[in-house]
Amino acid sequence: MIRLPRSIAATCLSLAVFMPGAFAEVLIAPTRVVLERGERSAELIVVNKGEEETAFRLGIENRRMLIDGSMEEAETPQDGENFAAEFLRFSPRRVVLDPGGRQTIRISATPPAELPAGEYRSHLRLMSAPTSAGRTLESATSDGDDGLSIQLIAIRSLTIPIIVRVGDLDAELEISDVNLRAEDTDTYIVTRLERSGERSAYGDLKIFVDGNRDPIYFARGVAVYTPNTERDVILPLPEEIREEISGKSITVTYESSDPENPGVLARHTVLMP
């Protein structure tokens, strides 16, 4: 337990601690929903892999991708950016699962008939916390010395993109640059992706040492969302891989995992220092 002055405690109680990305105690599949060619509904499966009874709360929000691939909340759309939140529906909105329990989340889209062609995207946010957290906070009591005893509970959070495509859309992607970036004692390989067209790109980035058929390094699920035309994919480079590619020619490929736009979309060869 942590003892805080009442003013600070009130501030803490109004905040949630968010955990980035997927977390080990929750399984959700698929991790991306795309509705197109007349499709208007889909299902997600949420599984509680933890050891405690857990409450899940779901909501829709709009998010924007920055050039480094990070996401931020977006209140109003930019040029070429279309949100889907207004015509997305889902149920249930709140779920309590025992350890090992699972729940189907149903998502539906009802875009208006006059909606212009384009790609519309919003994100389903899933937040979770053990149900014991509520009981713990309810039991916290003041001791009369203008203080409040509380327990800080992390609320885990992840988002799933929900994409609705209207009309026949296409996308092209190029790898315009591959370079190394050093920060303190760490080395990163930075790949610049350039997207054009009316739809997002989604795929796997693979790095090959010339002469080898198998990739030496890869990253799955790399997206470039509309309306972004550029994204830097920044990957930490383990020392053993850095030594393996030093002074050699490598080829970086971007292979689409979108069934509507399959295959290798781009490749770039560069000599490593």
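Before reading further, recall that the structure is shown in the block above.
Let me begin by describing the structure that accompanies this report. From a predicted model like this one, the values you see are computed outputs, not experimental measurements.

The next thing to look at is the overall build of the protein chain. Each helix and strand counted, the protein chain has 3 helices and 20 strands in total. Out of the 273 residues in the protein chain, the part that is buried amounts to 42%. Put simply, 70% of the contacts in the protein chain that link residues at least 6 apart link residues at least 24 apart. For the protein chain, the computed accessible surface area is about 14,900 Å², with 48% contributed by carbon and sulfur atoms.

Looking at the secondary structure, you find Val 178 in strand β14 (residues 171-183). The exposure class assigned to Val 178 is buried, which follows from its relative accessible area of 4%. Sequence spacing of Val 178 and His 268 is 90 residues, and the spatial spacing of their C-alpha atoms is 7.6 Å. Beyond its immediate sequence surroundings of up to four residues, Val 178 is in contact with Ile 189, Val 190, Thr 191, Val 252, His 268, Val 270 and Met 272.

Attention now moves to the pairing of strand β9 (residues 94-97). Because side chains alternate across β9, one face comprises the buried residues Val 95 and Leu 97, and the other comprises Arg 94 and Val 96, none of which is buried. Relative to β9, strand β5 (residues 54-61) runs antiparallel, the two sharing 4 bridges. By the bridge assignment for β9, Phe 56 is matched with Val 95.

On to the pairing of strand β20 (residues 263-271), then. As paired strands, strand β19 (residues 249-256) and β20 are joined by 8 bridges and run antiparallel to one another. Along β20, the bridge assignment pairs Val 252 with His 268. Between the antiparallel neighbours β19 and β20 lie 6 residues.

Scanning the model with the defined rule gives 1 aromatic pair in all. With centroids separated by 5.9 Å and ring planes inclined at 70°, the aromatic side chains of Phe 87 and Tyr 120 adopt a geometry described as edge-to-face. One end of the pair, Phe 87, is in the loop between β7 (71-73) and β8 (88-91); the other, Tyr 120, is in strand β11 (residues 118-130), and 33 residues separate them in sequence. We classify Phe 87 as buried; its relative accessible area is 6%. Note that Arg 93 overlies the ring of Phe 90, its terminal NZ or CZ placed 4.5 Å from the centroid. When the ring centre of Tyr 225 is taken as reference, the NZ or CZ atom of Arg 121 above it lies at 4.3 Å.

Analysis parameters
Throughout this document, residue positions are counted from 1 along each chain, in the order its sequence is written. Local features in a predicted model are, by the rule used here, given only for residues with pLDDT of at least 70; side-chain atom pairs are given and counted only at 80 or more, and totals for whole chains, interfaces and linings are based on all residues. The basis for the side-chain values is all heavy atoms of the structure; hydrogens and waters are excluded. The helix count covers DSSP runs of H or I at least four residues long, the strand count covers runs of E at least two residues long, and both are numbered beginning at the N terminus. A 1.4 Å probe rolled over the protein chains alone gives each residue an accessible area, and that area as a share of the maximum for its type sets the label: buried under 20%, exposed over 50%, partly exposed in between. Contact between two residues is taken to exist if any of their heavy atoms lie within 4.5 Å; hydrogens are not considered. Accessible surface area values rest on a Shrake-Rupley calculation with a 1.4 Å probe, where residue burial reflects the displayed protein chains alone. In short, DSSP must find at least two bridges between two strands for them to pair. Aromatic pairing here means that ring centres of Phe, Tyr or Trp (its six-membered ring) are within 6.5 Å. Orientation follows from the plane angle: under 30 degrees is stacked, over 60 is edge-to-face, and everything else is tilted. Put simply, a charge is over a ring when the Lys NZ or the Arg CZ is close to the ring centre, within 6 Å, and near the line of the ring normal, within 35 degrees.

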